[in-house]
Amino acid sequence: MHVLSVSSLKGGVGKTTVALGLASAAFARGLRTLVVDLDPQCDATTGLGAIGVFRETVADVLQSPKHNVVHRAIVASPWAQARSGNIDVMVGSRSVSVFDTPQPALREVWKLEEALSRVENEYDLVIIDTPPSLNGLTRTAWVCSDRVLLVTEPSIYSVVASQRAMSAIEEIRRRLNTRLDQAGLLVNRFQEQNREHLYRVAELQSLFGGKLFNERIPERATMQQVQGAARPIHSWPGDTAAALALQFDSVLNRIEGSFASETRRDRKNEKNEARNHRVMRGQNLDQVLALESADEKI
Ligand SMILES: Nc1ncnc2c1ncn2[C@@H]1O[C@H](COP(=O)(O)OP(=O)(O)OP(=O)(O)O)[C@@H](O)[C@H]1O
Ligand SMILES: [Mg+2]
C-alpha cells in the first residue's frame, strides 16, 4: 500500500480536483483505492458521491484509530456502481477541524498512520486530500505518506506557497518520516492563451526543474461538471474529459514509477532503509513515541 498526500498551502488551487482525478485514474486501472478526506470542507467525500449521515468519520478515526472505528469510517463510493473495482472513502467531517491546531502534539500526528496500518492489506493506493494549511491535519497526512503531490496555480502567490511547502515537507522528512518524498509540483487551472500563466510556468520550471510535472491540468468547465455530478473523470463522455483523464493517467504513472524505483532500491538497501525508517506501518507506535516525548509539539 502506498500513501499519497495531495497538498498546497494555498486554498482553491485544485487539491481536491487533482486528488479526485488521480483517484479516478487509479480506479480505472484497477488499483484498490482509498481516498482519505482530511479537509473539514469534505469536498472529496462529496465528489466521491458519499452523501448521507455517517456513524463514524475521519474525526472519530483521529480520536481513536481502532480497527472497528477505522472500518466504520470507510464507505464504498458510488463510483464503483458503474464498473467493478474498489474505490472507497474515509468520510470527512467538519469536526475534524479540532485537530487542525498550529502546533499539534507528536502523539496526535501519528494517529492516521496508526489507522492506515489497520487497512494495510486492503488497498494498493491511499490518496489523502488535505486542507490548505500547514497545521495539524496536513502534518498528520504527511507523517503517514510516502509522497506529497503539491498542486499550484500558475500565479505569483502560488509560486511562493510552493517554495514554503517544499521546505515544510523537507522538515517533516528530516524529523518524523524518512519515507516521505515530494512527488513533484503539478500546475492546475492552466490557461494556454494566458501570457501571465506562461510566464509563471517558465518561472516554476527554472525554480523547481525536474520536480515540475510536464503535464499541466488545463482550466476546463468539464472538470466542474464532473464534480457536480460526483462522477469519475474517466467515465465522463466527450473529448475534453478523455484528454483530462489521459493527463491524470500520466501523472499517476510518474508517481507510481517513483514508488517502483523505491521498491527496487529498498530491496537493495533493505538493512539501511529499515534503520532509517523511524516508523514502518504496523510497528508498535507506543514504542516509537516512548523514544520521544509524545507531548512534544511539532
Ligand atoms: N482545472 C480546472 N478547471 C476548471 N475548474 C477547476 C479546475 N481545478 C479546480 N477547479 C474548480 O476550482 C474550484 C476549487 O478547486 P478545488 O476545490 O479542487 O481546490 P482546493 O485546492 O481543493 O480548494 P480548498 O483549498 O478549498 O480545499 C472548484 O470549484 C473546482 O471545480
Ligand atoms: Mg479541497
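Summary of the structure given here.

This part covers the overall build of the protein chain. A tally of helices and strands in the protein chain yields 14 helices and eight strands. Across the 298 residues of the protein chain, 54% fall into the buried class. Surface summary for the protein chain: the accessible area is close to 13,200 Å², and the carbon and sulfur share equals 48%.

Next up on the list: the packing of aromatic side chains. The description of an aromatic ring pair rests on the distance of the ring centres and on the angle between the ring planes. Enumeration over the complete set of coordinates arrives at zero aromatic pairs. Cation over ring: Arg83 sits above Phe27, and NZ or CZ is 5.2 Å from the ring centre. Taking the ring centre of Phe213 as reference, the NZ or CZ of Arg254 above it sits at 4.2 Å.

It is worth spelling out the sheet that holds strand E4 (residues 87-90) at this point. In space, the eight strands of this open sheet follow the order E3-E4-E2-E5-E1-E6-E7-E8, with mixed pairing throughout. Unpaired on one side and paired on the other, strand E3 (74-76) and strand E8 (212-218) mark the two borders of the sheet. The sheet shows a mean angle of 25° between the axes of neighbouring strands, taken without regard to direction. Of the strands in this sheet, strand E1 (2-7), strand E2 (33-37), E4, strand E5 (125-129), strand E6 (147-152) and strand E7 (181-190) are in contact with helix H1 (residues 15-28), which crosses E5 at around 165°. Relative to the sheet, helix H9 (residues 156-175) contacts E6 and E7, its axis offset from that of E6 by approximately 170°.

A word on the packing of H9 against helix H10 (residues 195-208). Packed helices, taken two at a time, are described by the angle their axes make and the gap between the axes. Close contact between H9 and H10 brings their axes to 10 Å; oriented N to C, the two are set at 20°. In terms of axis orientation, H9 runs roughly parallel to H10. The interaxial crossing formed by H9 with H10 has right-handed handedness. Judged by residue contacts, Ile156, Val159, Ser162, Gln163 and Met166 of H9 engage Arg200, Glu203, Leu204, Leu207 and Phe208 from H10.

What surrounds ligand 1 is a group of 18 residues, the closest being Lys15, Thr17, Arg189, Gln224 and Gln227. Here Val13 contributes a backbone N or O atom positioned 3.1 Å from an oxygen atom of ligand 1. When ligand 1 sits alone it has 630 Å² of accessible area, and the protein chains cover 85% of it. Every element with two or more residues in the shell around ligand 1 is listed here: H1, E7 and helix H11 (221-228). Its residues assigned to classes, the shell around ligand 1 comprises four nonpolar, nine polar and five charged.

Quick look at H11 now. Looking at H11, one finds that the buried residues are Thr222, Met223 and Val226. Along the long axis of H11, the arc covered by the buried residues comes to 105°, so they all point the same way. The exposed residues of H11 that point more than 90 degrees off its buried face are Ala221 and Gly228. Directly beyond the C-terminal end of H11, a positive phi value near 55° is found at Ala230.

It is worth spelling out the nonpolar core at this point. Ranked by size, the top nonpolar core spans 50 residues in total, and within it Val36, Met90, Leu112 and Leu116 carry the most contacts. When residues of this core are assigned to their parent elements, the largest contribution, seven residues, is made by H9. The residues contacting Val36, other than those within four sequence positions of it, are Val58, Met90, Leu112, Leu116, Val126, Ile127, Ile128 and Asp129. Counting residues in each nonpolar core, the second largest holds 39 residues, with Ile127, Leu149, Met223 and Ala245 among its members.

For E1, the buried fraction is high: five of the six residues fall into the buried class. Bridge analysis of E1 against E5 gives five bridges, and the strand direction is parallel. Counted as the bridge partner of Val3 is Val126 from E5. Note: E1 against E6, four bridges, orientation parallel. Bridged to Val6 within E6 is Leu149.

A positive phi angle, close to 60°, is found at Cys42, a residue other than glycine. On the secondary structure map, Cys42 appears in the loop between E2 and helix H2 (43-47). Although it is not a glycine, Ala230 sits at a positive phi angle of roughly 55°. Tracing the chain through its elements places Ala230 in the loop between H11 and helix H12 (239-268). Residue Ala230 is classed as buried on the basis of its relative accessible area, which comes to 18%.

Parameters and conventions
- Residues numbered from 1 in each chain as written.
- Chains lettered and ligands numbered in written order.
- Predicted model: local features only at pLDDT ≥ 70, side-chain atom pairs only at ≥ 80, totals over all residues.
- Heavy atoms only, no water.
- Helix = DSSP H or I, 4+ residues; strand = E, 2+ residues; numbered from the N terminus.
- Buried < 20%, exposed > 50% of the residue type's maximum accessible area, 1.4 Å probe, protein only.
- Areas by Shrake-Rupley, 256 points an atom, 1.4 Å probe, with all protein chains shown as cover.
- Phe/Tyr/Trp six-rings, centres within 6.5 Å; stacked < 30°, edge-to-face > 60°.
- Lys NZ or Arg CZ within 6 Å of the ring centre and 35° of its normal.
- Pairing = 2+ DSSP bridges.
- Axes fitted to C-alpha atoms, helices over the stretch in contact; angles between N-to-C directions.
- Contact = heavy atoms within 4.5 Å.
- Parallel < 35°, antiparallel > 145°, perpendicular 65-115°, else oblique.
- Left-handed = near helix turned anticlockwise from the far one by under 90°.
- Near = heavy atom within 4 Å.
- Polar contact = N/O pair within 3.5 Å; in protein donor to acceptor, adjacent residues only side chain to side chain.
- Nonpolar A, V, L, I, M, F, W, Y, C, P; charged D, E, K, R; others polar.
- Arc of directions from axis to C-beta.
- Core = buried A, V, L, I, M, F, W, Y, C linked by side-chain atoms within 4.5 Å.

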